[in-house]
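Geometric and topological summary
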Amino acid sequence: MTQVWNFSAGPAALPRPVLERAQRELLDWDGSGMSVMEQSHRGKRFVAMAAQVEADLRELAAIPADYAVLFLQGGATQHFAQIPMNLAGEGDVADYVVNGHWGAKAASEAAAYVRVNVAASSQADGYLRLPPRAEWRLDPNAAYVHYTPNETIHGVEYRDVPEVGGVPLVADMSSSILSGPLDVSRFGLVYAGAQKNIGPSGLVLMIVRRDLLQRAPRPMAKIFRYAEYAAADSMLNTPNTWGWYLAGLTFQWLKEQGGLAAMGERNRAKAERLYAAIDGSGGYYRNPVDPAARSRMNVPFTLHDSALDADFLRESEAAGLMALKGHKALGGMRASLYNAVPPEAVDALVAFMRDFAARHG
Ligand SMILES: *Cc1c(COP(=O)(O)O)cnc(C)c1O
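These numbers come from a predicted model, not from an experiment.

**Some remarks on the overall build of the protein**
Tallying secondary structure elements over the protein gives nine helices and 14 strands in all. Computed over C-alpha atoms, the radius of gyration of the protein comes to 21 Å, within 12% of the 21 Å expected from 2.2 N^0.38 for 361 residues, which places it in the range of a compact globule. In terms of its C-alpha atoms, the protein occupies a principal-axis envelope of roughly 65 × 55 × 30 Å. Contacts spanning at least 24 positions in sequence make up 67% of the contacts within the protein whose residues lie at least 6 apart. Working note: accessible area of the protein is about 15,200 Å², and carbon and sulfur atoms make up 52% of it.

**Some thoughts on the environment of glutamate 265**
Mapping glutamate 265 onto the fold places it in helix α7 (residues 259–279). Residue class for glutamate 265 comes out partly exposed when judged on its relative accessible area of 42%. As a C-alpha pair, glutamate 265 and serine 179 span 86 residues in sequence and 9.1 Å in three-dimensional space.

**Some thoughts on the packing of aromatic side chains**
Where two aromatic rings form a pair, the distance of their centres and the angle of their planes describe that pair. Tallying each qualifying case throughout the model produces 17 aromatic pairs. With 5.8 Å between their ring centres and 90° between their planes, phenylalanine 46 and tryptophan 244 make a pair best called edge-to-face. With phenylalanine 46 in helix α2 (residues 44–60) and tryptophan 244 in helix α6 (residues 241–256), this residue pair connects regions lying 198 residues apart in the sequence. Each member of the pair phenylalanine 46 and tryptophan 244 is classed as buried. Both rings, one in tyrosine 284 and one in tyrosine 285, keep their centres 5.0 Å apart while their planes meet at 65°; by these two values the pair is edge-to-face.

**Thoughts on the packing of α2 against α6**
Interaxial distance between α2 and α6 falls to 9 Å at its minimum, and their mutual angle equals 40°. When the interaxial angle is binned, α2 and α6 end up oblique. Between α2 and α6 the crossing geometry is left-handed. Contact residues: α2 offers Phe46, Met49, Ala50, Val53, Asp56, Leu57, Glu59 and Leu60, while α6 offers Thr241, Trp244, Tyr245, Gly248, Phe251, Gln252, Leu254 and Lys255.

**Some details on α6**
The end-to-end C-alpha distance of α6 is 23 Å, a good match for the 22 Å that 16 residues give at a rise of 1.5 Å each. Here α6 lies mainly inside the structure; 12 of its 16 residues are buried. Restricting attention to buried positions, one finds in α6 the residues Thr241, Gly243, Trp244, Tyr245, Leu246, Ala247, Gly248, Leu249, Thr250, Phe251, Trp253 and Leu254. At its buried positions, α6 is contacted by α1 (16–25), α2, β2 (67–72), β10 (204–209) and α7.

**Some details on unusual backbone geometry**
In this model, glycine 10 is joined to proline 11 through a cis peptide bond whose omega is -10°. With respect to the secondary-structure elements, proline 11 resides in the loop between β1 (5–6) and α1. Notably, aspartate 30 is not glycine yet its phi reads approximately 55°, a positive angle. Structurally, aspartate 30 is set in the loop between α1 and α2. Its relative accessible area of 47% is what places aspartate 30 among the partly exposed residues. Of note in the backbone geometry, aspartate 233 takes a positive phi value of approximately 50° without being a glycine. Relative to the helices and strands, aspartate 233 resides in the loop between α5 (226–231) and α6.

**Examining the site of the ligand**
Taken together, 13 residues lie around the ligand, and Thr77, Thr152, Asp172, Gln195 and Lys196 are the ones closest in. In this structure, an oxygen atom belonging to the ligand sits 3.0 Å away from a main-chain N or O atom of alanine 76. One of the side-chain nitrogen or oxygen atoms of lysine 196 is found 2.7 Å away from an oxygen atom of the ligand. Relative to its unbound accessible area of 390 Å², the ligand is 87% covered by the protein chains. Broken down by element, the shell around the ligand gets its largest block of residues, four residues, from helix α3 (residues 75–87). In the shell around the ligand, the residues fall into three nonpolar, eight polar and two charged.

**Quick word on the side chain of arginine 225**
Note on placement: arginine 225 falls in the loop between β10 and α5. No salt bridge is formed by the buried arginine 225; its nearest oppositely charged neighbour, glutamate 228, is found at 5.0 Å. In this structure, arginine 225 is in contact with Gln82, Asn86, Arg215, Ala216, Arg218, Pro219 and Met220, ignoring residues within four places of it in sequence.

**Side note on α2**
Here α2 is 17 residues long and its end C-alpha atoms lie 24 Å apart, about the 24 Å a rise of 1.5 Å per residue gives. For α2, the full list of buried residues reads Phe46, Met49, Ala50, Val53, Asp56, Leu57, Arg58 and Leu60. Where the residues of α2 are buried, they touch β2, β10, α6 and α7. Positive phi appears at alanine 62, one or two residues downstream of α2, with a value of about 45°.

**Some details on the environment of isoleucine 278**
Within the element layout of this structure, isoleucine 278 appears in helix α7. Residue isoleucine 278 is classed as buried on the basis of its relative accessible area, which comes to 1%. With residues near it in sequence (within four places) discarded, isoleucine 278 still touches Tyr285, Arg286, Asn287, Val299, Phe301 and Met353.

**A look at the sheet that holds β2**
One open sheet accounts for seven strands, arranged β2-β10-β9-β8-β5-β3-β4; its pairing is mixed. Looking at which strands have only one partner, the edges of the open sheet turn out to be β2 and β4 (115–121). Taking each pair of neighbouring strands and ignoring which way they run, the sheet shows an average axis angle of 15°. In this fold α3 packs onto β2, β3 (93–98), β8 (169–172), β9 (189–193) and β10, with an angle of close to 155° to the strand it touches most, β9.

Thresholds applied
Throughout this description, residue numbers start from 1 for each chain and increase along the sequence as written. Restriction of local features to residues with pLDDT of at least 70 applies here, the model being predicted, together with a cutoff of 80 or more for giving and counting side-chain atom pairs; totals for whole chains, interfaces and linings are based on all residues. Note that the side-chain values use all heavy atoms of the structure and ignore hydrogens as well as water. A run of H or I in DSSP becomes a helix once it reaches four residues, and a run of E becomes a strand once it reaches two; helices and strands are each numbered from the N terminus. Put simply, the radius of gyration uses C-alpha atoms, and a globule should come to 2.2 Å times the residue count raised to 0.38. Here a residue-residue contact requires only that any non-hydrogen atoms of the pair lie within 4.5 Å. The accessible surface values rely on the Shrake-Rupley method and a 1.4 Å probe; as for residues, cover is taken only from the protein chains in view. A 1.4 Å probe rolled over the protein chains alone gives each residue an accessible area, and that area as a share of the maximum for its type sets the label: buried under 20%, exposed over 50%, partly exposed in between. Each aromatic pair joins two rings of Phe, Tyr and Trp (for Trp, the six-membered one) with centres within 6.5 Å, and gets the label stacked for planes under 30 degrees apart, edge-to-face for over 60, and tilted for any other angle. Angles here are taken between N-to-C directions and fall from 0 to 180 degrees, while the axes themselves are lines fitted to C-alpha atoms, restricted in helices to the stretch in contact. Oblique is the label for any angle not covered by the other classes, which are roughly parallel (under 35 degrees), roughly antiparallel (over 145) and roughly perpendicular (65 to 115). What makes a crossing left-handed is the near helix being turned counterclockwise from the far one by less than a right angle; a clockwise turn instead makes it right-handed. To estimate how far a helix should extend, the number of its residues minus one is multiplied by 1.5 Å. Residue proximity to a molecule or strand is established when one non-hydrogen atom of the residue lies within 4 Å of it. Polar contact is the term for a pair of N or O atoms within 3.5 Å; when the atoms are in protein, one must be able to donate a hydrogen and the other to accept it, and sequence-neighboring residues count only if both atoms are side-chain atoms. Classes in brief: Ala, Val, Leu, Ile, Met, Phe, Trp, Tyr, Cys and Pro nonpolar; Asp, Glu, Lys and Arg charged; the others, Gly included, polar. His is not counted, nor are the chain ends, whereas Lys and Arg count as positive and Asp and Glu as negative. What counts as a salt bridge is simple: a side-chain nitrogen of Lys or Arg found within 4 Å of a carboxyl oxygen of Asp or Glu. Strand pairing follows a simple DSSP-based rule, namely that at least 2 bridges must link the two strands.

Shown next as structure tokens:
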């Protein structure tokens, strides 16, 4: 098997040691003689594992005791709808900062349940800059403020957590969670689809301040209510047991890497290296994003002549550099540099880009 590097935006690369361990344990997990997928989620083994996974995450991110950790399903997209259902009543206002494709989708889904106030938007700038906090027009009576710290398609990222006073801050961290230090206490609720920085798709991680679970703004079936999941240790019904297990292996791997501060440093260095190669290419490659807003996780770039795109993709794939095709909204290329993408992958990409430019002039 040849070594490849996976730059997919999602589902994305998983840490190699995590996959190797899952492979070793596949047929006989925890001495049970069966795979983890074949176990009852109510069984002693699985319940003990689930508790350990939560404990590892709590340690990694220093999650305060007044926050619940939930392991959910439905993808981040389902929670675009479920968050307003749980946190706000029909006549209530919720603030949305729309700084990219996913934030726009979150706001549009929420509109079925709450009065959405678009507090700021960078749509007119093609989402290639970030609306600075000073431009946000927040409603002081809003039920919550929703934003997207890292926008996966446009490759823009807020470096600092915005201050929003007493209104709970809700963050869709699907493409940036655990990529660096995380101060949970700044947020009311953080959620993330797992398939970028945590594990396989089909799992959603949520960290939510417990007092927000007491809100009951509308009649709702139990299966939609976060408080019910918290009370049932996320086992209201059969959870994604395989995803939960793999997330746990990823959390252990993150601890072995030195935790979130070390990951943050590594991710900063990886992104800097790629941006430096783009900026230093004399215009051969270009990143369209406002430099102050550049993402560490998702790096879109174009070639000086889009007629070369097909060659770039074919040759990069032949060189073992996978999934570099950009999202259609921006065209060109996109390299996603999540936690599981090692510095060597970025080195290989940068070397290929130099070589390609030299050969195609
Ligand atoms: C990928 C992504 C989503 C969509 O996630 P699903 O799990 O497919 O619903 C939402 N928000 C962000 C920021 C993403 O990167």
